[in-house]
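# Fold and geometry: a report
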Amino acid sequence: MSETLLAKLDSSRKELLDLGLRNPLLNYKGSKVRGVKIIQEKSTSIFDLLVRNSKSMSFLSKTQKEDGPESLFEDVETEEQLEESYNDLRLQTNESDKVLQSRLLNTYYAANTSIEEQGYN
């Protein structure tokens, strides 16, 4: 009796899963105008800084990196320099200043529209 009940529960759970093409969590395609690709970062370090340490982070564009006194995107030679770049408060991107600002603004507007229209974020 319990085996048939477990089998029925399992089949009911599988019916609830949305494995179709409309599920954006399974079928994610990067947008050309929204979202930012983060490079040279570890997700665990970002999580620690944002959640556990309650720090705020900013984005670093390609032009800001090149203009700085020490380029953050030069080939990192030592393990210490690599770990230091993981734990700074700047998320490195490979976009120029204007493109980065445009993509961040488009992402902001899309998120606000989604919250206003659907009522959740």
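What comes next concerns the included structure. (Residues numbered from 1 in each chain as written. Predicted model: local features only at pLDDT ≥ 70, side-chain atom pairs only at ≥ 80, totals over all residues. Heavy atoms only, no water.)

Where nonpolar side chains cluster on the molecular surface, the patch consists of Leu-17, Leu-19, Leu-25 and Leu-26 and spans about 500 Å² of accessible area. Tracing the backbone shows Leu-19 in the loop between α1 (2–16) and α2 (43–52). (Patch = residues over 30% accessible without salt bridge, like charges linked within 9 Å, V, L, I, M, F, W, Y side chains within 5 Å. Areas by Shrake-Rupley, 256 points an atom, 1.4 Å probe, with all protein chains shown as cover. Salt bridge = Lys/Arg side-chain N within 4 Å of Asp/Glu carboxyl O. Helix = DSSP H or I, 4+ residues; strand = E, 2+ residues; numbered from the N terminus.)

This part covers the pattern of salt bridges. Throughout the structure, instances matching the rule amount to 2 salt bridges. For Lys-14, the salt bridge is made with Asp-10, and the minimal N-O distance between the two is 3.8 Å. Placement of both Lys-14 and Asp-10 in helix α1 is noted, with a separation of 4 residues, approximately one turn of the helix. Residue Asp-10 is classed as partly exposed on the basis of its relative accessible area of 35%. Between Asp-48 and Arg-52 there is a salt bridge; the shortest N-O distance is 2.5 Å. In this pair, Asp-48 and Arg-52 are both assigned in helix α2, 4 residues apart and thus about one turn of the helix distant. Since its relative accessible area comes to 27%, Asp-48 is described here as partly exposed. (Buried < 20%, exposed > 50% of the residue type's maximum accessible area, 1.4 Å probe, protein only.)

Here we take up the side chain of Glu-41. With respect to the helices and strands, the residue Glu-41 is situated in the loop between α1 and α2. Of the residues examined, Glu-41 reaches a relative accessible area of 17% and is grouped as buried. Excluding anything up to four places from it in sequence, Glu-41 contacts Ile-46, Ser-85, Tyr-86, Asp-88, Arg-90, Leu-91 and Gln-92. (Contact = heavy atoms within 4.5 Å.)

For α1, which comprises 15 residues, the first-to-last C-alpha distance of 21 Å matches the rise-based estimate of 21 Å (1.5 Å per residue) to within 8%. In terms of burial, α1 is a largely surface element, 0 of the 15 residues being buried. (Expected span 1.5 Å × (residues − 1).)

Take helix α5 (residues 97–118) next. Along an α-helix, residues three or four apart share an orientation, since each turn contains 3.6 residues. With 22 residues, α5 extends 32 Å from end C-alpha to end C-alpha; this agrees with the ideal 32 Å at 1.5 Å per step. In the stretch just after α5, Gly-119 is the one whose phi turns positive, near 85°.

What follows deals with unusual backbone geometry. A positive phi angle is found at Gln-40, which is not glycine, with a value near 55°. Here Gln-40 shows up in the loop between α1 and α2. The phi dihedral of Ser-54 falls on the positive side, at around 50°, and the residue is not glycine. Residue placement: Ser-54 occurs in the loop between α2 and β1 (58–60). The class of Ser-54 is exposed, set by a relative accessible area of 61%.

Next up on the list: the environment of Leu-104. Within the secondary structure, Leu-104 is located in helix α5. Separated by 45 residues in sequence, Leu-104 and Phe-59 place their C-alpha atoms 9.6 Å apart. Apart from the residues within four sequence positions on either side, Leu-104 is in contact with Val-36 and Phe-59.

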